[in-house]
Amino acid sequence: MPRYRAALQVALAFIPFVSSYTWSFTTTPQQCATLSLQISGSGSPPYSVLVIPYGPTPLPNNTEVRTIVYQQFDGSSTTTSFQLKFPSTSQFVAVVSDSTGFGSGGTSVAASVMSSSDSSCFNPNTTVMPDFPFNIYPTNQVVQCSASRLWWDPTQVEGTPTFQGVIPGGQSFSIPEGQITQLSGQGTGFSWTPSVREGSTLIVVAGDDRGLGTGGSGLYTVSQGIYPNSSCLTTTSPSSTIGSPAGGTYPTNASGAETTGGTSSSSKTNVGAIVGGVIGGLAALVILALAGFYFIRRKTATKDTKERPVDLLQGDPEDDQDPAPGELGNYYHPEPFLATEPTEASFMYGREEGRAATVMSGSRYGTSDRRQSALGSFSDMRSATPDYEMGITGGTTIPSSSRKSPMPRQLRPVNIIQHDDAGAADEQAEAQPDTVELPPAYTNIRKPNPN
C-alpha cells in the first residue's frame with residue numbers, strides 16, 4: 001500500500017495547480033470606456049486585478065499615456081468596474097489575484113483596446129511617468145538561471161518595493177526579494193535568479209506601499225545566455241505555454257479577433273500542446289513500426305538465404321523453381337555421346353605406326369634408325385595430304401606416278417550405352433559381380449592394304 005501511495009504522490013506532482021475560481025471580462029475593452037470583470041467559483045476574497053500596458057504606444061511621437069491600473073474589489077464582491085484610459089489599438093495584460101497570492105486567478109494574453117468616440121480620458125501630447133523607476137542588471141536582459149540585480153533609488157520609494165513577474169497567457173508570480181545591498185553605480189537592490197524557461201515573454205512589474213505597479217514595468221524575453229544553464233528549473237517553473245489564457249472572450253488585435261478562453265490560465269488544458277503531443281506520439285509510433293517491419297523483413301530474408309538447402313545436382317543455385325512432379329532435374333537429363341570424325345593426320349599416323357612396327361620387327365639392330373627416319377619423314381608432311389596415303393618403306397618415298405588413289409576413310413564402330421538410375425541397392429544387386437567398362441585402347445587399328 002505505501003508503494004501505491006508514493007506512486008500517486010509522484011503522479012500528482014506533475015499535475016499543474018488548478019485554481020478554484022475563474023474570471024472573465026463582461027464588457028469589451030474600449031478606449032475611455034468602462035471595463036468590467038466578474039469572478040466565478042470559490043476563491044478567497046478580497047480579489048484584485050492588475051492591468052499592465054503591453055507593447056508600444058500607438059500614439060504619434062511615441063507618446064505613452066498608459067499607466068498600470070491596480071483595481072481592488074470591494075470586500076468580498078466578485079465584480080468590479082473601472083475606466084480604461086488606454087487609446088484604441090493599444091494592448092494590455094490583466095492579472096487577477098485573491099488573498100492566497102499574486103496571479104492565483106490567472107493571466108490573460110495581450111488584449112486589444114477597441115475604438116470609441118470618447119478620447120477625453122488621456123492627453124495624447126503628454127507622456128506619463130511611474131512614481132519611481134527601477135533598473136535591472138545586466139541591462140535590459142533576463143537570462144535563464146543567471147543572476148540578475150534589481151535596483152532602484154531609495155529616495156523615490158515609499159516603504160519597501162515589491163516585484164512581480166507576469167507571463168502573458170501563462171503564470172504570474174511574486175519575485176522573491178533577496179538580501180538588499182547597496183552597490184556603487186547600482187543603487188539599492190537585491191540579486192534574483194530567474195527560474196523562468198528561456199524563450200518566455202516576461203513582464204517585470206515594480207510597486208511599493210502605494211500599490212502594485214507604481215514603479216512601472218519592463219518587458220523582456222528570457223534568453224538562454226552564452227553558457228546555457230537549467231539547474232534552477234523544475235516541473236513548476238513558469239513559462240509562456242502553461243495553458244489557455246484567462247479572462248474569457250476578448251479582442252486580441254485591432255480587427256476584433258477574440259480569444260476562446262474563459263477560465264484561469266491554469267484551470268484548462270492547453271489544447272494545442274495536447275494536439276501537438278498526440279501527433280508527435282503517433283508519428284513516433286509509425287516510425288518505430290516501419291523500422292521494426294524493415295528489420296524483421298531483412299532478418300527473415302537473411303535467414304531464408306542462409307538456411308536454403310543446396311542441391312549439387314541442380315545446375316543453377318539461384319534457380320528457385322523446383323522441377324514439376326515426375327520431371328527429372330537438369331542433372332538427370334540424358335545427353336547423347338557424339339563421336340568425333342577422325343582426321344586424316346591421325347588416320348595416316350596410325351597406319352604409319354603399324355608399318356613402322358613391321359619394319360622394327362624385321363631388324364634387330366636397325367630399328368632405331370628406321371623409326372627415326374619414318375617419324376622424321378612423317379613430320380615433314382602436311383596434315384591430311386593425299387599423296388602420303390601409301391606411307392614410307394625403308395626410308396624411301398614412293399614416286400607420285402606410282403601412287404594409287406587413297407582408300408575411302410573408314411569409321412570405327414562406336415557402342416553407346418545409356419545408363420539408367422538403378423535406384424536403391426538391393427541384396428540381389430549386391431550379390432552380382434561388378435562390371436567395369438573401359439574405352440577401346442585403339443591398338444589394333446591397321447591401315448588396309450591397298451593391294
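The rules we used
- Residue positions are given per chain, counting from 1 as you read along its sequence in written order.
- The predicted origin of the model limits local features to residues at a pLDDT of at least 70 and limits the giving and counting of side-chain atom pairs to 80 or more, whereas totals for whole chains, interfaces and linings rest on all residues.
- As a rule here, side-chain values cover all heavy atoms of the structure and leave hydrogens and water aside.
- Following DSSP output, two strands are said to pair if at least two bridges run between them.
- Only DSSP runs of H or I covering at least 4 residues are called helices, and only runs of E covering at least 2 are called strands; the numbering of each starts at the N terminus.
- To get an axis, a line is fitted to the C-alpha atoms, and for a helix only the part in contact is used. The angle between two axes follows their N-to-C directions and goes from 0 to 180 degrees.
- The nonpolar core is taken to be a set of buried Ala, Val, Leu, Ile, Met, Phe, Trp, Tyr and Cys residues, with the residues joined through side-chain atoms within 4.5 Å.
- Only protein chains enter the accessibility calculation, which uses a 1.4 Å probe; a residue is then buried when its area is under 20% of its type maximum, exposed when over 50%, and partly exposed in between.
- The disulfide criterion used throughout: a pair of cysteine sulfur atoms within 2.5 Å.
- When the centres of two rings from Phe, Tyr and Trp lie within 6.5 Å, Trp using its six-membered ring, the rings pair. Their planes under 30 degrees apart give stacked, over 60 give edge-to-face, and anything left gives tilted.
- Residue contacts are counted whenever heavy atoms from the two residues lie within 4.5 Å of one another.

Peer 1: What is the right way to read the sheet that holds strand S11 (residues 162-166) from this model?
Peer 2: Sheet strands pair by backbone hydrogen bonding; their relative direction is either parallel or antiparallel. As summarised here, the arrangement of the 4 strands in space is S12-S11-S15-S16, forming an open sheet in which the pairing is antiparallel. Of all the strands in the sheet, the pair left with one neighbour each is strand S12 (172-174) and strand S16 (217-221). Averaged over all adjacent pairs, the angle separating strand axes in this sheet is 20°, with direction ignored. Taken together, the 5 bridges between S11 and strand S15 (residues 201-207) define a ladder with antiparallel strand orientation. The partner of Thr162 across the bridge, within S15, is Gly207.

Peer 1: Help me understand the nonpolar core in this model?
Peer 2: It is characteristic of soluble globular proteins that their nonpolar side chains tend to be buried jointly. Core analysis: the largest hydrophobic core is formed by 21 residues, its most contacted members being Trp23, Phe25, Leu37, Val49 and Phe92. Going through the elements one at a time, strand S1 (21-25), strand S2 (34-41), strand S3 (48-54) and strand S6 (91-98) are the ones with two or more residues in this core. Grouped together as the second largest cluster of nonpolar side chains are 19 residues, Leu150, Phe163, Ile167 and Phe190 included.

Peer 1: Help me out: how do you make sense of the state of the cysteines in this one?
Peer 2: Each disulfide consists of one covalent bond between the sulfur atoms belonging to two cysteines. Scanning all chains against the criterion turns up 2 disulfides. A disulfide bridge connects Cys32 with Cys121, and the sulfur atoms are separated by 1.8 Å. Residues Cys32 and Cys121 share a disulfide whose torsion about the S-S bond is about -75°; that sign makes it left-handed. Placement of Cys32 in the loop between S1 and S2 and of Cys121 in the loop between strand S8 (111-112) and strand S9 (134-137) is noted, with a sequence separation of 89 residues between them. You can call Cys121 buried: its relative accessible area is 16%. Two residues share a disulfide in this structure: Cys145 and Cys232, whose sulfurs sit 1.8 Å from each other. With the S-S bond torsion at -85°, the cross-link from Cys145 to Cys232 turns out left-handed. In this pair, Cys145 sits in the loop between S9 and strand S10 (148-152) while Cys232 sits in the loop between S16 and helix H2 (271-307), placing the two residues 87 residues apart along the sequence. Residue Cys145 is classed as buried on the basis of its relative accessible area of 10%. Sequence-ordered numbering of the disulfide-bonded cysteines in the protein chain gives the connectivity 1-2, 3-4.

Peer 1: I would appreciate a short explanation of the pairing of S3 in the present structure.
Peer 2: Most of S3 sits out of view: 6 of its 7 residues are buried. Relative to S6, S3 is paired through 7 bridges, and the arrangement is antiparallel. Residue pairing in the sheet places Tyr54 in a bridge with Gln91 of S6.

Peer 1: So what exactly am I meant to see when it comes to the packing of aromatic side chains here?
Peer 2: Within a pair of aromatic rings, the relevant descriptors are the distance that separates the centres and the angle that separates the planes. Counted according to the given criterion, the structure contains 11 aromatic pairs. An angle of 85° between the planes, with centres 5.2 Å apart, marks the rings of Trp23 and Phe25 as edge-to-face. One exposure class covers both Trp23 and Phe25, and it is buried. Taking 5.8 Å as the distance between ring centres and 65° as the angle between the ring planes, the aromatic pair formed by Phe163 and Phe190 counts as edge-to-face. On the criterion of sequence distance, the pair formed by Phe163 in strand S11 and Phe190 in strand S14 (residues 187-192) is long-range, its members being 27 residues apart. No difference in accessibility class separates Phe163 from Phe190, as the two residues are buried.

Peer 1: Teacher, can you tell me more about the environment of Ser88 here?
Peer 2: In this structure, Ser88 sits in the loop between strand S5 (79-83) and S6. Setting aside anything within four residues of it in sequence, one finds Ser88 in contact with Gln31, Pro58, Val113, Met114 and Ser115.

Peer 1: What is the right way to look at unusual backbone geometry in this model?
Peer 2: Keep in mind that most residues, glycine aside, have a negative phi and that most peptide bonds are trans. Residue Pro45 is joined to Pro46 through a cis peptide bond whose omega torsion reads 5°. Here the residue pair Tyr137 and Pro138 is connected by a cis peptide bond, since its omega of 0° sits within 30 degrees of zero. For Pro138, the location among the structural elements is in the loop between S9 and S10. In this structure, Asn62 takes a positive phi of about 55° despite not being glycine. In this fold, Asn62 is placed in the loop between S3 and strand S4 (69-72). Take Asn62: its relative accessible area is 57%, and that puts it in the exposed class.

These results come straight from atomic positions and should not be treated as a statement about function.
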